[in-house]
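Chain by chain, the residues run as shown.
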Amino acid sequence: MKRLFPYIMALILALPISAGLALAADGPVQAGAKALIVYHSKSGHTKALAEEIQRQTGADIFFLDYAEVYPTDREEFSDKVHEEQRQDARPAIKASPDGLEGYGVVYLGFPVWWGDMPMLFYSFLDQNDLSGKQIVPFCTSGSGKIDKAVARIRALEPGATVLDGLRLGETVPVQAVTDWLKGLGLVD
Ligand SMILES: Cc1cc2nc3c(=O)[nH]c(=O)nc-3n(C[C@H](O)[C@H](O)[C@H](O)COP(=O)(O)O)c2cc1C
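Fair warning: this is a prediction, and the values are worked out from it, not measured in the lab. (Residues numbered from 1 in each chain as written. Predicted model: local features only at pLDDT ≥ 70, side-chain atom pairs only at ≥ 80, totals over all residues.)

### Quick look at the site of the ligand
Then, number 1: The environment of the ligand is made up of 20 residues, and the closest members are Ser41, His45, Thr46, Pro111 and Gly144.
Then, number 2: Counting residues per element, the ones that place at least two in the shell around the ligand are α2 (45–57) and α3 (74–86).
Then, number 3: The greatest single-element share of the shell around the ligand, amounting to three residues, is contributed by α2.
Then, number 4: A breakdown of the residues in the shell around the ligand according to their chemical character gives five nonpolar, 12 polar and three charged. (Near = placed C-beta within 6 Å. Helix = DSSP H or I, 4+ residues; strand = E, 2+ residues; numbered from the N terminus. Nonpolar A, V, L, I, M, F, W, Y, C, P; charged D, E, K, R; others polar.)

So this is what it looks like as structure tokens:
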């Protein structure tokens, strides 16, 4: 028994012993931290997902928008945002959410455009320091993955903990959202 003692202690210490902390893939989730969902959506899919996350978590929600009016023509719009990406542009944002410093968890939700998040989010991350917060990315897309955007967010916000992202298609399966939130410890 004496010889087993160090191993038993090591096992106990490896468990998440701090009360109120749940372990997520990338670190402990701040239980009870105020949460904000910052999202953009053009045709409504990401909006529906953002609103479902809001419904399940009770987080505040903010629509991140362009300061400028963008073309309504599909092709012109598509060309414009593609060009922004090629130029690594930082389009002007209409407004940032108030009181960002008061939030411990910030969800970032976006449609995948040309394999990445809209440049609007690069502007947002350039203008707002999210150090010390947990960033929870999510997106909708035709088939494109979220991985590139998550890697870019991690690089842009080295002082934040960026949790694993959720990518869904153009519909919102409620249970998949619940499973993801539970898996990250963001809901009970
Ligand atoms: C300009 C533009 C570029 C897109 N690029 C991609 C892409 O690279 N990969 C992909 O899977 N879907 C792509 N899509 C499809 C959108 O990601 C998908 O329809 C998404 O659900 C739209 O979200 P929203 O309804 O919130 O705007 C693109 C759509 C647009 C308008």
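### Let's talk about α2
Then, number 1: Along its 13 residues, α2 runs 19 Å from first to last C-alpha, staying within 8% of the 18 Å computed at 1.5 Å per residue.
Then, number 2: Where α2 is concerned, the buried positions are Thr46, Leu49, Ala50 and Ile53. The buried residues of α2 occupy an angular sector of 100° when projected down its axis, which confines them to one face.
Then, number 3: The inward-facing, buried residues of α2 abut β3 (35–39), β4 (60–63), β5 (105–111), β6 (134–140), β8 (166–168) and α6 (174–183).
Then, number 4: In the segment just after α2, Gly58 is the residue with positive phi, at about 75°. (Expected span 1.5 Å × (residues − 1). Buried ≥ 20, exposed ≤ 12 C-beta atoms within 10 Å, placed from the backbone. Arc of directions from axis to C-beta. Contact = placed C-beta atoms within 7 Å.)

### Some details on the environment of Arg167
Then, number 1: Along the chain, Arg167 turns up in strand β8.
Then, number 2: We classify Arg167 as partly exposed; it has 18 C-beta atoms within 10 Å.
Then, number 3: Between the alpha carbons of Arg167 and Val177 there is a distance of 9.9 Å; along the sequence they are 10 residues apart.
Then, number 4: If sequence neighbours within four positions are ignored, Arg167 has contacts with Cys139, Ser141, Lys145 and Ile146.

### Regarding the nonpolar core
Then, number 1: In terms of nonpolar packing, the biggest core is built from 43 residues, with Val38, Val106 and Tyr107 touching the most fellow members.
Then, number 2: When residues of this core are traced back to their parent elements, those giving at least two are β3, α2, β5, α4 (119–127), β6, α5 (147–156), β8 and α6.
Then, number 3: Here the element with the most residues in this core is α4; it accounts for six residues.
Then, number 4: Sequence-distant contacts of Val38, that is, excluding residues within four places in its chain, are made with Phe62, Leu64, Pro97, Val106, Tyr107, Leu108 and Phe124. (Core = buried A, V, L, I, M, F, W, Y, C linked by C-beta atoms within 7 Å.)

### Details of unusual backbone geometry
Then, number 1: Residues other than glycine seldom take positive phi values, yet Asp88 does so here, at roughly 50°.
Then, number 2: On the secondary structure map, Asp88 appears in the loop between α3 and β5.
Then, number 3: A positive phi angle, close to 50°, is found at Trp114, a residue other than glycine.
Then, number 4: Take Trp114: it is sitting in the loop between β5 and α4.

### What to know about the environment of Lys94
Then, number 1: With respect to the helices, strands and loops of the structure, Lys94 is situated in the loop between α3 and β5.
Then, number 2: We classify Lys94 as exposed; it has 11 C-beta atoms within 10 Å.
Then, number 3: Residues Lys94 and Asp65, spaced 29 residues apart in sequence, show a C-alpha to C-alpha distance of 5.5 Å.
Then, number 4: Each residue touching Lys94, except ones within four places of it in the same chain, is listed here: Asp65, Tyr66 and Ala67.

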